[in-house]
Amino acid sequence: KQEVTQIPAALSVPEGENLVLNCSFTDSAIYNLQWFRQDPGKGLTSLLLIQSSQREQTSGRLNASLDKSSGRSTLYIAASQPGDSATYLCAASTSGTYKYIFGTGTRLKVLA
Amino acid sequence: KAGVTQTPRYLIKTRGQQVTLSCSPISGHRSVSWYQQTPGQGLQFLFEYFSETQRNKGNFPGRFSGRQFSNSRSEMNVSTLELGDSALYLCASSPSAGRGGTDTQYFGPGTRLTVL
């Protein structure tokens, strides 16, 4: 049974800092892993998706990596801005299950 | 392309009533998933449909049901509402070609259900 954990639960950093968000999963037979952003009271916005055969994906200031053997994914945010403040969620989809299992998220606050 | 739309955006019901939520996926997407989000349990998977067939179902009681129509639009129904059903219900669509897993999911804004 797939379980996804995110640490830390909350993070507060000054503007301009580079930061790393962590995601751990228990079943390495994943189909893909996706990172999302959620603003308060809103739906989820997809940030990056990493296929099981890939090691990382990049979009602008964001870089996500995947290490299936250790059951870990990281989301790297470069030069953080106040507009990056949100909850970041990772979700793992196990092969053949057609569903995502979500972590509980990391609530990020970037201080101006 | 228009995004995923969900109606209604807000609902207030009383215990014992039933409710139907609607989701229109992105044009061309054939997979629709439903999730329940609460402060205590986070995001939990309800079910996924592809070409009108339910491919997976989460650990929710039978009061929660869904269906998908030939145009890929989906509805979920909750009967005999309980206070604990108060949540944000999120729908996601995916282009999923059914090759063994779920591709990128695009989420709608959600329906906020309050049960009194």
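Rules and cut-offs
- Residues numbered from 1 in each chain as written.
- Chains lettered and ligands numbered in written order.
- Predicted model: local features only at pLDDT ≥ 70, side-chain atom pairs only at ≥ 80, totals over all residues.
- Heavy atoms only, no water.
- Helix = DSSP H or I, 4+ residues; strand = E, 2+ residues; numbered from the N terminus.
- Rg over C-alpha atoms; globule rule 2.2 N^0.38 Å.
- Buried < 20%, exposed > 50% of the residue type's maximum accessible area, 1.4 Å probe, protein only.
- Contact = heavy atoms within 4.5 Å.
- Areas by Shrake-Rupley, 256 points an atom, 1.4 Å probe, with all protein chains shown as cover.
- Pairing = 2+ DSSP bridges.
- Axes fitted to C-alpha atoms, helices over the stretch in contact; angles between N-to-C directions.
- Buried area = accessible area lost by both parts, 1.4 Å probe.
- Polar contact = N/O pair within 3.5 Å; in protein donor to acceptor, adjacent residues only side chain to side chain.
- Phe/Tyr/Trp six-rings, centres within 6.5 Å; stacked < 30°, edge-to-face > 60°.

Asks: Hey, could you go over the overall build of chain A for me, with residue numbers and the actual values?
Replies: In terms of helices and strands, chain A carries 0 helices and 11 strands. Reading the secondary structure of chain A in the N-to-C direction produces β-β-β-β-β-β-β-β-β-β-β. Over its C-alpha trace chain A gives a radius of gyration of 13 Å, about what one expects of a compact globule, namely 13 Å for 112 residues. Each principal axis of the C-alpha atoms in chain A carries an extent, and together these give about 45 × 30 × 20 Å. For chain A, with 112 residues in total, the buried portion stands at 45%. For chain A, the proportion of contacts with a sequence separation of at least 24, taken over those separated by at least 6, is 55%. As presented, chain A carries roughly 5100 Å² of accessible surface, and 49% of it is formed by carbon and sulfur atoms.

Asks: Before we move on, can you summarise the environment of Cys23(B) with the specific residues and values?
Replies: Residues and elements named next belong to chain B. Along the chain, Cys23 falls in strand β3 (residues 19-24). A relative accessible area of 0% places Cys23 in the buried class. As for Cys23 and Asn71, which are separated by 48 residues in sequence, their C-alpha atoms are 11 Å apart. Contacts of Cys23, omitting those with residues within four sequence positions, involve Val4, Thr5, Val32, Trp34, Arg73, Ser74 and Cys91.

Asks: Hey, could you go over the sheet that holds β3(B) for me, with residue numbers and the actual values?
Replies: Residue and element names in this part refer to chain B. In spatial order, the strands read β1-β3-β8-β7; together these 4 strands make up an open sheet with antiparallel pairing. The open sheet has two free edges, formed respectively by β1 (5-7) and β7 (64-68), since each of these has just one partner strand. Adjacent strand axes in the sheet meet at a mean angle of 20° when their direction is disregarded. Looking at chain direction, β7 and strand β8 (residues 74-78) are connected through 5 bridges and run antiparallel.

Asks: I'd love a proper account of the interface of chain B and chain A, names of residues and values included.
Replies: Between chain B and chain A, the residue contacts involve 21 residues of the former and 20 residues of the latter. Overall, the association of chain B and chain A removes approximately 1700 Å² of surface from exposure, summing both partners, and the carbon and sulfur fraction of that is 54%. Put simply, chain B and chain A have 3 residue pairs in polar contact (both at pLDDT 80 or more) between them. At the level of elements, β4 (31-38), β5 (42-50), β6 (53-57) and β9 (87-94) of chain B are the ones that each hand at least two residues to the side of chain B that touches chain A.

Asks: Describe in detail the packing of aromatic side chains, supporting the description with residues and values.
Replies: All chains considered together, the criterion is met by 8 aromatic pairs over all chains. Here the aromatic rings of Phe102(A) and Tyr35(B) are separated by 5.3 Å at their centres, their planes lie at 85°, and the arrangement is edge-to-face. Of this pair, Phe102(A) sits in strand β10 (residues 100-102) while Tyr35(B) sits in strand β4, each in a different chain. Comparing Phe102(A) with Tyr35(B) shows no difference in burial state: the two are buried. Measuring from centroid to centroid gives 6.1 Å for Phe102(A) and Phe107(B), while their planes differ by 80°, and the two rings are edge-to-face. Here Phe107(B) lies in strand β10 (residues 106-107) and Phe102(A) lies in strand β10, a pairing that spans two chains. Phe107(B) shares its class with Phe102(A); the two are buried. Grouped by ring-pair contacts, the aromatic residues Phe36(A), Phe102(A), Tyr35(B), Phe45(B) and Phe107(B) constitute a single cluster.

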